[in-house]
Amino acid sequence: MVFKRRKDLLGIEDLSREEITSILDVAQPMKDIIFRDIKKVPTLRGKVIVTLFYEPSTRTRTSFELAGKYLSADTVNLAVTTSSVQKGESLKDTIRTIEAMGADVIIIRHSMSGVPHYVARNTSMRVINAGDGTHEHPTQALLDMYSIREKKGTLEGLKVAILGDILHSRVARSNIFGLQKFGCEIRIIGPSTLMPADIENLGVKKYYDIEEGLEGVDVINVLRIQRERQKEGLFPTLEEYSNLYCLTRERVALAKPDVLVLHPGPMNRGVEIAGDVADSPFSVIEEQVTNGVAVRMALLYLMMGGTTDEVND
């Protein structure tokens, strides 16, 4: 199966089922590289990758940097807080400057939805969306799907619950778009104040009652409660949210016995997920971090012209 070579990756919604499968297939041999004594292959030697993050990030930014380095690309992290952005430089001028320095790929995160699309229209560099506003976070969804498929053996027809702050979550949207391409039943669970008004138009099932929503599911993907949103008064207190929606052992027991628990991180232990659940045998949260590097390696490889046939030789 061959990945359709794209200039940019701006969202999961734009990818076909076959393209997603190609990325996940290539991620497995890439994951093997991570566990070698020498974590380096010459695949992208001579290529330059720049990460440009206008929002804080640990996992996504670092995993992209490591993915590039493991493939022998030169990776540069542009710190917005110490760049000319602080002097009033426009986004368009920042992008032109990076392109003029010879970068091949730019990986961008921004608080405004649609910014990666704007960048892609204004540069010949390849653009990867590392999260834009409340729109999409495509590589997080890809690593989530890889983690599920690795443990379950398939993505076909699974019942997946997405629990938490759906309203502000780009992770939720990308997971919905991706998993539905494999016939998954998507249940979203959370308080009414953290639900988009038109979310059911995406073909999901909406639950305000956590016990009802978790009944018989194969996967539970827990979203971070964004504490910075608390000032908006979307729920009374973190304690009340925890009482109603924290994923506890008792609530996990409502799902299937072989349920998987995912979390994109960082976690608020005791708020959206209990510590003993996060550290339990059915949790794949730490593995998601490793899988994130492998999936981003696969994506960079395929976008730069590699094929599934070559990686398996």
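The rules behind these values
- Within each chain, residue numbers correspond to sequence positions counted from 1 in written order.
- Since the coordinates come from a predicted model, pLDDT governs what is reported: local features require at least 70, and pairs of side-chain atoms require 80 or more to be given and counted, while whole-chain, interface and lining totals use all residues.
- Just so you know, side-chain values use all the structure's heavy atoms and leave hydrogens and water out.
- We call Phe, Tyr and Trp rings a pair once their centres come within 6.5 Å, taking the six-membered ring for Trp, and we label the pair stacked below 30 degrees between planes, edge-to-face above 60, and tilted otherwise.
- Comment: elements are numbered from the N terminus, with helices defined as DSSP H or I runs of at least four residues and strands as E runs of at least two.
- Burial here depends on accessible area, computed with a 1.4 Å probe over protein chains only, as a share of the maximum for the residue type. Under 20% is buried, over 50% is exposed, and the range in between is partly exposed.
- A ring is considered to have a charge above it if a Lys NZ or an Arg CZ atom is located within 6 Å of its centre and within 35 degrees of its normal.
- Each residue after the first adds 1.5 Å to the expected span of a helix.
- Throughout, bend refers to the angle between the axes fitted to the seven residues that end at a position and the seven residues that start at it.
- Paired strands, as defined in this entry, are two strands with at least two bridges between them according to DSSP.
- UniProt positions are given in the numbering used here, feature names are shortened, and annotations may be inferred rather than shown by experiment.
- Remark: nonpolar core denotes a set of buried residues (Ala, Val, Leu, Ile, Met, Phe, Trp, Tyr, Cys) joined through side-chain atoms within 4.5 Å.
- Each domain's extent is set by a domain assignment, obtained either automatically or from a database.
- Between two residues, a contact is recorded if the distance between any of their heavy atoms is within 4.5 Å.
- For any pair of parts, buried area is found by adding up, for both, the accessible area (1.4 Å probe) each one loses once the two are put together.
- A carboxyl oxygen of Asp or Glu within 4 Å of a side-chain nitrogen of Lys or Arg is what we treat as a salt bridge.
- Counting of polar contacts relies on pairs of N or O atoms within 3.5 Å, with two restrictions inside protein: one atom must be capable of donating a hydrogen and the other of accepting it, and residues adjacent in sequence are counted only when both atoms are side-chain atoms.
- Side-chain classes follow a simple rule in which Ala, Val, Leu, Ile, Met, Phe, Trp, Tyr, Cys and Pro form the nonpolar group, Asp, Glu, Lys and Arg form the charged group, and the remainder, Gly included, forms the polar group.

A. Quick look at the packing of aromatic side chains. One pass over the structure, following the stated rule, counts one aromatic pair. For the ring pair Tyr-241 and Tyr-245, a centre distance of 5.4 Å and an interplane angle of 35° mean the geometry is tilted. Of this pair, Tyr-241 and Tyr-245 both sit in helix H8 (residues 238–245), four residues apart, roughly one helical turn. An identical accessibility class is assigned to Tyr-241 and Tyr-245; each is buried. Looking at Arg-296, its charged tip hangs above the ring of Phe-64, at a distance of 5.1 Å from the centre.

B. Examining helix H11 (residues 285–303) more closely. Across its 19 residues, H11 extends 27 Å between first and last C-alpha, which sits within 8% of the 27 Å expected from 1.5 Å per residue. Its maximal kink placed at Asn-291, H11 deviates by approximately 25°. Of all 19 residues that make up H11, 15 are buried, and the element is covered over most of its length. Phi turns positive one or two residues past the end of H11, at Gly-305, with a value near 110°.

C. How the structure looks around the pairing of strand E8 (residues 219–222). Going residue by residue along E8, you find Val-219 and Asn-221 tucked away on one face and Ile-220 and Val-222 tucked away on the opposite face as well. In this structure, strand E5 (residues 159–163) lies alongside E8, joined through four bridges in parallel fashion. The residue of E8 that forms the bridge with Ile-162 is Asn-221. With three bridges joining them, E8 and strand E9 (residues 260–262) adopt parallel strand pairing. When the sheet's bridge partners are listed, Asn-221 is paired in E9 with Leu-262.

D. Representation of the UniProt feature "binding site: carbamoyl phosphate" (unreviewed entry) in the protein within the structure. Per the UniProt record, "binding site: carbamoyl phosphate" (unreviewed entry) is found at Arg-59, Thr-60, Arg-109, His-137, Gln-140, Gly-265 and Pro-266. Of note, His-137 is situated in the loop between strand E4 (126–132) and helix H5 (138–152). Mapped onto the elements, Gly-265 comes out in the loop between E9 and helix H10 (275–278).

E. Up close: the nonpolar core. Residues Met-145, Ile-186, Ile-188 and Met-297 are the most contacted members of the largest nonpolar core, which totals 63 residues. Of the residues forming this core, the biggest block, ten residues, is contributed by H11. Counting residues domain by domain, this core receives three or more from each of domain 1 (2–136 + 290–304) and domain 2 (138–284). When residues no more than four places from it in sequence are discounted, the contact partners of Met-145 are Ile-12, Ile-20, Leu-24, Leu-155, Gly-178, Leu-179 and Phe-182. Membership of the second largest hydrophobic core comes to 28 residues, among which are Tyr-207, Tyr-241, Ala-255 and Val-271.

F. Spotlight on the domain arrangement of the protein. What the domain assignment lists for the protein is domain 1 (2–136 + 290–304) and domain 2 (138–284). Relative placement of domain 1 and domain 2: their C-alpha centres are 25 Å apart. Of the residues lining the interface, 34 residues belong to domain 1; the matching set on domain 2 comes to 26 residues. Taken together, both faces of the contact between domain 1 and domain 2 bury some 2,500 Å²; the carbon and sulfur share is 60%. Here domain 1 is connected to domain 2 by four salt bridges. Measuring nitrogen to oxygen at the nearest pair gives 2.1 Å for the salt bridge that ties Glu-156 to Arg-17. Inspection of the region where domain 1 meets domain 2 yields 14 residue pairs in polar contact (both at pLDDT 80 or more). Contributing elements (two or more residues each) for the side of domain 1 that touches domain 2: helix H1 (17–34), helix H2 (59–70), strand E3 (105–110), E4 and H11. Per-element accounting of the side of domain 1 that touches domain 2 gives the leading share, nine residues, to H1. The residue makeup of the side of domain 1 that touches domain 2, split by class, is twelve nonpolar, twelve polar and ten charged.

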